[in-house]
Protein chains: 2
Amino acid sequence: MSDNTHPLDPIFHPRATAIIGVSSRENGRTSFLGSLMEQDYHQRHGLYPVNPKITEVAGLKAYPSLLDCPDPVDHVISQIPAHAVSEMVDQAIQKGVRSIHFFTAGFSETGDAERAAMEREIVGKAKAAGIRLIGPNCMGLYVPGEGLAFMGGFPKEPGNVFLLSQSGANAGDVVGGLSRRGVRFSKAVSYGNGADLDAQDFLDYAANDPQTEVVTAYIEGVKNGRAVFEALKRCAAVKPTIILKGGLSAAGARAANSHTGSLAGSVDVFEALCRQTGAMRAANMDELHDMVVALTTELKTVRGRGVALVGGGGGFAVLSADAIAEEGLDTPPLPEDAQEQLREFIPVAGTSVRNPVDTNMMGGPDGRRRMRDTLTIVANAEPIDLIFATVGGWGGRGPSPTGDDDDATPSGTTGDADPAMQGSSGSPAERAREAAGDLGALQGRVGVPFVAVQRDRGPSSSDASRAFLEEAYFQGVAVFPTVSRAARTVGRLLEWRGRRAGLPEIL
Amino acid sequence: MSDNTHPLDPIFHPRATAIIGVSSRENGRTSFLGSLMEQDYHQRHGLYPVNPKITEVAGLKAYPSLLDCPDPVDHVISQIPAHAVSEMVDQAIQKGVRSIHFFTAGFSETGDAERAAMEREIVGKAKAAGIRLIGPNCMGLYVPGEGLAFMGGFPKEPGNVFLLSQSGANAGDVVGGLSRRGVRFSKAVSYGNGADLDAQDFLDYAANDPQTEVVTAYIEGVKNGRAVFEALKRCAAVKPTIILKGGLSAAGARAANSHTGSLAGSVDVFEALCRQTGAMRAANMDELHDMVVALTTELKTVRGRGVALVGGGGGFAVLSADAIAEEGLDTPPLPEDAQEQLREFIPVAGTSVRNPVDTNMMGGPDGRRRMRDTLTIVANAEPIDLIFATVGGWGGRGPSPTGDDDDATPSGTTGDADPAMQGSSGSPAERAREAAGDLGALQGRVGVPFVAVQRDRGPSSSDASRAFLEEAYFQGVAVFPTVSRAARTVGRLLEWRGRRAGLPEIL
């Protein structure tokens, strides 16, 4: 933490946490208690389960009430019903608690006037006593650096992405889905109804958080439009900020109203908000994930629309070229001298060195060298701004004579079933990791970003795929599940960069 | 097989197959030999590896030449280089072979005039002798009923979908990808350059094949436009026929020209072709997969745009409603009486029974009953034409008090982290299978199609996800990876049905 701490800093760094309403049967990953223990929160800080009916749970001493917990209790997670909350807040005030996260639902989001009034009363009381509230109706905090988490299975290592989300399920999808793509988080917060702390507060915190480099948000509605606009503008001016707005359709708005009590906003208004603030708009959850991957890898440096597509086989290359064109990028033919150089690697070359480049790069140390040479030649070609490299088939699938067999007579080229970019030896996972390392090293050398498009053809190759993905992301290479999503993301990134003219350069 | 057999029937049912140019090191799934043996072809028919340098491979006797193989040899797979093919064809004529599949590449697709002439000469010679050719530059046949396969890992059970594909890699993607979604194939053929047997021949065969109910094709170019038009028209008149055309963009057309020597065609021309013949156009590979799933499950009976979205949690429901609207479908509010009935299941209901319906259906026998009751009420509501049911979380993830715990005080509703649609007991895979069975039984009873949208949150639940998917598809329930793809598919299906006015009803 830097010297000039943000007012919300204590909320993201609680020295002790009490969970009110813990069940004796709460276990592992399906509870807040289990999620915090999985992150070793209890080994670093105080962790106090509260329930008058039990004395112990999961090896931890349980306390009859919040007032019985040891001092200090900085943070409270409330999983008691709405009608019991008011009394608990009184105890929290007495205890000197700094923040309460209400998992508890059943407040303003129900649309019931009485329950909305109850929410207002609780917020007023807590704020008057200097307690900040997260929620109600939300999952709360994920701070890997402190061992806070709201679901099981989240990575323990902190990263550089900050997430704010009105929805707990969507927060879980973002953290879970992006973690599997290699991304790590500085902090994530699911804040539900936003009765006290709201989008503008978290945006302001993220903008100033030294551990955060990229900010992303899922928002359904805002109570204070001007405050959100200003906070978003400040945040997007200094860090790439990606927003997904839920409830842009009539049916979605109805659902958002049921969910967090949010009111509708139109696509146009939201689009204008992004345009004016310099934020990026994600049209759906996949786009949000893809943009975060792009903005946390070398892909963020991409400057033009010229894609070289390498590997993947004939029919795949055809559909990929179509998909790239569909998203407004090009697959320009390589210049004649680059084609000449490539022909030395490709036996019966025909025109498959033009771009897409359909090389056979599998098998043996030769394969690794051919891969490096091919990518270097392609990267240096004038019209190429980035390279899509098809990877996969780590287990080896499909007939693919490689031409190094004494008995067999190789069939010229190998048809179009060849997995590209295989490493030279070891298990599929080792080969995958090696190939990812090669791509990372090469990307650093050639000066144009790579995108690895991972064609995972079945469960058998999933270990290798995960190994590839982890290593590639670690090396700063963006990995995408399809050419189409990669191309769309690049298109959006270039469009966003164009729109930022006049704003400070942040990439 | 029926009495009036099609002229191409012998090609899909060879009594014996020779593979020319087999290596002594060919193994398992990465070779034609291994793929055929995996399917037990050699236990049902003659399988003869040919290579003068070896005497045995994979436990099978190898023969020095085609002429040395036992009689009959109906089918030949050629994996020798292009320059050696002519002599082999002479031997095939002498041997009385009926069909040759040329994996061998290096013919007209290279753009080289000499190699194109060589292709013409071979085709002419073979056809004059009554031999039909598949290829060159392709993967050939997958006929599970006969034990023919061109890649390892393909299902052994036959099904009702026929695939023709100019690309071997794309044929592999279709068979592999759709197999994982439960689909099974009557036959699949990758035919590459189509020098002899071409799209029109396979479409004609598929139209008449009694084992085939749905036809799908990946096509890059056609030599005889009129013949393809007529064959497509005949096929689409009697069976749902889904076409994906590669090379519709300029860059894609360039790649297609390199790949199969195909010439470009525009989107408009292709769209018009589909419109005039009654075929369905798939815009990309995902759409092709999705449409095959839709047309081989009860989803094919869908008649309107009113979607009920059940389960999945608040934020997910909001984005889902947006995605459904984006694809031109509706999520209409349920009528008041249906909402009344649903309120009995949903504790602090608020408006989450309107549609999307955000029920908590997990845990215990109660959960199964609640699920059935909820879906029955929703299905019977007037504006509902189909139901999207969110499934997943089989391992149980995220805090989710269920309200049946004596110690804990449940928090009213459960926030939005609940996995819906969990079965009652057993392992995650058993629960998943049970839930799929329930959905299938219920779909049969209520008379509107279900779509299960599978939210697989991580590798831990993949066994259960697979179990769910298999059982659901077996029961006639379409499973989709995202709401967006499901909605798009339904939109396309309705549009296609509308366009078929005047053509015979085939669904």
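For the structure, see preceding data.
Per chain, residues are indexed from 1 in the order of the written sequence. For this description, chains carry letters from A and ligands carry numbers from 1, given in the order in which they are written. Thresholds applied to this predicted model are a pLDDT of at least 70 for local features of residues and 80 or more for the giving and counting of side-chain atom pairs; totals over whole chains, interfaces and linings are not thresholded and use all residues. As a convention, hydrogens and water are excluded, and side-chain values are obtained from all of the structure's heavy atoms.

Enquirer: So what exactly am I meant to see when it comes to the overall build of chain A here?
Expert: Per the convention used, a helix needs a DSSP run of H or I reaching at least four residues, while a strand needs a run of E reaching at least two, with both numbered from the N terminus. Scanning chain A from terminus to terminus reveals 17 helices and 17 strands. For every residue, the accessible area (1.4 Å probe, protein chains only) is compared with the maximum for its type, and the residue is labelled buried under 20%, exposed over 50%, or partly exposed between those bounds. Within the span of chain A, comprising 507 residues, buried residues form 64% of the whole. In the structure as shown, chain A presents an accessible area of about 17300 Å², 49% of it carried by carbon and sulfur atoms. Per-residue accessibility takes into account occlusion by the displayed protein chains alone, with areas from the Shrake-Rupley method and a 1.4 Å probe.

Enquirer: Got a minute to help me understand the environment of Val483 of chain B in this structure?
Expert: All names here are of chain B. Here Val483 shows up in helix H17 (residues 483-499). Of the residues examined, Val483 reaches a relative accessible area of 5% and is grouped as buried. Any two residues whose heavy atoms approach within 4.5 Å at even a single point are treated as in contact. Among all residues touching Val483, those that are not within four sequence positions of it are Leu309, Phe316, Ser320, Ala323, Ile324, Phe388 and Val453.

Enquirer: Sorry, what's going on with the sheet that holds strand S9 (residues 161-165) of chain A here?
Expert: Within a beta sheet, neighbouring strands are joined by backbone hydrogen bonds and run either parallel or antiparallel to one another. Residue and element names in this part refer to chain A. If DSSP finds at least two bridges between two strands, the strands pair. Strand order in this open sheet of 6 strands is S8-S10-S9-S11-S12-S13, and the pairing throughout is mixed. Either end of the sheet is taken by a strand with one partner, and the two such strands are strand S8 (140-142) and strand S13 (280-282). With strand direction ignored, the average angle separating the axes of adjacent strands in the sheet is 15°. In this sheet, S13 lies alongside strand S12 (residues 241-245) in parallel orientation, the contact comprising 3 bridges. Among the inter-strand pairings, Ile242 is bridged to a residue of S13, identified as Met280. Where helices are involved, their axes are fitted lines through C-alpha atoms of the stretch in contact, as for all axes, and angles between N-to-C directions lie from 0 to 180°. Against the sheet, helix H6 (residues 168-180) makes contact with S8, S9, strand S10 (185-190) and strand S11 (214-219), and its axis sits at roughly 160° relative to S10, the strand it touches most. Across the face of the sheet, helix H7 (residues 199-208) comes into contact with S9, S10, S11 and S12 while running at roughly 175° to S9.

Enquirer: How do you make sense of the pattern of salt bridges when you look at a structure like this?
Expert: As a working rule, side chains carrying opposite charge can pair if their charged atoms are close by. By convention in these notes, a salt bridge is any Lys or Arg side-chain nitrogen within 4 Å of a carboxyl oxygen on Asp or Glu. Under the criterion given, the structure shown has 62 salt bridges over all chains. Across the pair Asp196 of chain A and Arg132 of chain A runs a salt bridge, and its minimum N-O distance is 3.0 Å. Remark: Arg132 of chain A occurs in strand S7 (residues 132-134) and Asp196 of chain A occurs in the loop between S10 and H7; sequence separation between them is 64 residues. Owing to a relative accessible area of 8%, Asp196 of chain A belongs among the buried residues under this scheme. The closest approach of N and O atoms between Asp71 of chain B and Lys95 of chain B, which form a salt bridge, is 3.1 Å. On the criterion of sequence distance, the pair formed by Asp71 of chain B in the loop between strand S4 (60-61) and strand S5 (75-78) and Lys95 of chain B in helix H4 (residues 85-95) is long-range, its members being 24 residues apart. Its relative accessible area of 60% is what places Asp71 of chain B among the exposed residues. Judged by its relative accessible area of 12%, Lys95 of chain B is buried. Three or more residues are tied together by salt bridges with common partners; here these are Arg181, Asp286, Asp290 and Arg485 of chain A.

Enquirer: I would appreciate a short explanation of the sheet that holds S7 of chain A in the present structure.
Expert: Residues and elements named next belong to chain A. Taken together, the 5 strands give an open sheet; going across it, the order is S2-S1-S5-S6-S7, and neighbouring strands pair in parallel fashion. Edge positions in the sheet fall to strand S2 (46-50) and S7, since each has one partner strand and no second. Each adjacent strand pair in this sheet contributes to an overall mean axis angle of 20°, direction not counted.

Enquirer: Whenever I open this one, the state of the cysteines confuses me. Can you help?
Expert: Simply put, disulfide is the name for a covalent bond between the sulfur atoms of two cysteines. Residues and elements named next belong to chain A. To count as a disulfide, a pair of cysteine sulfur atoms needs to be within 2.5 Å. In this structure the tally under the stated criterion is 0 disulfides over all chains. Lacking any disulfide linkage, Cys138 is separated from the closest cysteine sulfur, that of Cys235, by 20 Å. The class of Cys138 is buried, set by a relative accessible area of 1%.

Enquirer: Please clarify how the packing of helix H8 (residues 225-238) of chain A against helix H10 (residues 267-277) of chain A should be interpreted in this entry.
Expert: A pair of packed helices can be characterised by two numbers: the angle between their axes and the separation between those axes. All names here are of chain A. Between H8 and H10, whose axes approach to 9 Å, the crossing angle comes to 45°. Regarding the angle of H8 to H10, the classification is oblique. Considering only the axes of H8 and H10, their crossing is right-handed. For the pair H8 and H10, the contacting residues are Phe229, Leu232, Lys233 and Ala236 in the first and Leu273, Gln276 and Thr277 in the second. We call two directions roughly parallel when the angle between them is under 35 degrees, roughly antiparallel when it is over 145, roughly perpendicular when it lies between 65 and 115, and oblique otherwise. Should the near helix be turned anticlockwise from the far one by less than a right angle, the crossing is termed left-handed; should it be turned clockwise, right-handed.

Enquirer: Sorry if this is basic, but what is going on with the environment of Ala82 of chain B here?
Expert: Position of Ala82 of chain B among the secondary structure elements: in the loop between S5 and H4. The contacts of Ala82 of chain B, once residues within four sequence positions are left out, are Thr104, Ala105, Gly106, Phe107, Arg115 and Met118 of chain B.

Enquirer: I keep staring at the packing of aromatic side chains and nothing clicks. Help me out?
Expert: Aromatic ring pairs are defined here through the distance separating the ring centres and the angle between the ring planes. In this analysis, rings of Phe, Tyr and Trp, with Trp reduced to its six-membered ring, are considered paired at centre separations within 6.5 Å, and the interplanar angle assigns stacked below 30 degrees, edge-to-face beyond 60, and tilted for intermediate values. Within this structure, the stated rule accounts for 22 aromatic pairs over all chains. Judged by centre distance (5.1 Å) and plane angle (75°), the rings of Phe32 of chain A and Phe103 of chain A are edge-to-face. In this pair, Phe32 of chain A sits in helix H2 (residues 32-38) while Phe103 of chain A sits in the loop between strand S6 (99-102) and helix H5 (113-128), placing the two residues 71 residues apart along the sequence. Residue Phe32 of chain A shares its accessibility class with Phe103 of chain A, and that shared class is buried. Each ring, one from Tyr191 of chain B and one from Phe202 of chain B, has its centre 5.5 Å from the other, and the planes form 45°; the classification is tilted. Residue Tyr191 of chain B is found in the loop between strand S10 (185-190) and helix H7 (199-208), and its partner Phe202 of chain B is found in helix H7; the two are separated by 11 residues along the sequence. Comment: the charge-over-ring label is applied if NZ (Lys) or CZ (Arg) is within 6 Å of the ring centre and within 35 degrees of the ring normal. For the cation-ring pair, Arg181 of chain A lies above Phe480 of chain A, with the distance from its terminal atom to the ring centre recorded as 5.0 Å. Just above the ring of Phe316 of chain A sits the side chain of Arg455 of chain A; from NZ or CZ to the centre is 3.8 Å.

Enquirer: For this particular structure, what's the right way to read helix H15 (residues 428-446) of chain A?
Expert: Residues spaced three or four apart along an α-helix point in a common direction, a consequence of the helix completing one turn every 3.6 residues. Residues and elements named next belong to chain A. Every helix has an expected span of 1.5 Å times one less than the residues it contains. Spanning 19 residues, H15 covers 27 Å between terminal C-alpha atoms, matching the ideal 27 Å at 1.5 Å per step. Burial in H15 covers these residues: Arg431, Ala432, Ala435, Ala436, Gly437, Asp438, Leu439, Gly440, Leu442, Gln443 and Val446. Trailing H15 by a residue or two, Gly447 shows a phi angle of about 80°, which is positive.

Enquirer: Sorry, what's going on with unusual backbone geometry here?
Expert: When glycine is set aside, most residues are seen to have a negative phi, and most peptide bonds are trans. In this structure, Pro136 of chain A follows Gly135 of chain A across a cis peptide bond, with omega equal to 0°. Among the structural elements, Pro136 of chain A can be located in the loop between S7 and S8. The phi torsion at Ala58 of chain B lies on the positive side, around 50°, for a residue other than glycine. Among the secondary structure elements, Ala58 of chain B is positioned in the loop between strand S3 (56-57) and S4. Of note in this structure, Asn137 of chain B is not a glycine but carries a positive phi near 65°.

Enquirer: How do you make sense of the side chain of Ser179 of chain B when you look at a structure like this?
Expert: All names here are of chain B. Assignment of secondary structure puts Ser179 in helix H6 (residues 168-180). Within 3.5 Å is the distance limit for a polar contact, defined as a pair of N or O atoms, with the added protein rule that one can donate a hydrogen and the other accept it, and that residues adjacent in sequence qualify only through two side-chain atoms. A distance of 2.5 Å separates a polar side-chain atom of Ser179 from the backbone oxygen of Val175. Excluding its chain neighbours within four sequence positions, the residues that come into contact with Ser179 are Pro155, Val174, Arg184 and Phe185.

Enquirer: Explain the environment of Arg184 of chain A here, please?
Expert: Residue and element names in this part refer to chain A. Topologically, Arg184 is positioned in the loop between H6 and S10. Taking C-alpha positions, Arg184 is 8.9 Å from Lys156, a pair spaced 28 residues apart along the chain. The residues contacting Arg184, other than those within four sequence positions of it, are Pro155, Glu157, Pro158, Gly159, Asn160, Val161 and Ser179.

Enquirer: How should I be thinking about the packing of helix H12 (residues 314-326) of chain A against helix H17 (residues 483-499) of chain A in this particular structure?
Expert: Residue and element names in this part refer to chain A. At a minimum axis separation of 9 Å, H12 and H17 run at an interaxial angle of 25°. The angle between H12 and H17 places the two elements in the roughly parallel class. Here H12 and H17 pass one another in a crossing that is right-handed. In this structure, H12 contributes Phe316, Ser320, Ala323 and Ile324 to the contact, and H17 contributes Val483, Ser484 and Ala487.

Enquirer: Can you help me understand the pairing of strand S5 (residues 75-78) of chain A in this one?
Expert: Each regular strand displays side chains that alternate between the two surfaces of the sheet. Residues and elements named next belong to chain A. Residues His75 and Ile77 point to one face of S5 and Val76 and Ser78 to the other, with burial holding for every one of them. Across 4 bridges, the pairing between strand S1 (residues 16-20) and S5 is parallel. When the sheet's bridge partners are listed, Ile19 is paired in S5 with Ile77. Of the pairings in the sheet, the one linking S5 to S6 comprises 4 bridges and is parallel in character. Residue Ser78 lies in a different strand from S6, and its bridge partner there is Phe102. Handedness of a crossover is defined as follows: orient the strands so they point away from the viewer, and if the path from the first strand over the helix to the second runs clockwise, the crossover is right-handed. As for the winding sense of the linkage, the β-α-β connection from S5 through helix H4 (residues 85-95) to S6 is right-handed.

Enquirer: In this structure, what is going on with the pairing of S2 of chain A? I would like to understand it.
Expert: Residues and elements named next belong to chain A. Among the 5 residues that make up S2, 5 are buried, leaving the element largely enclosed by the rest of the structure. Alternating positions in S2 separate into two faces, Gly46, Tyr48 and Val50 on one and Leu47 and Pro49 on the other, with burial throughout. Note that S1 and S2 share 5 bridges and pair parallel. Paired with Ala16 across the bridge in S2 is Gly46.

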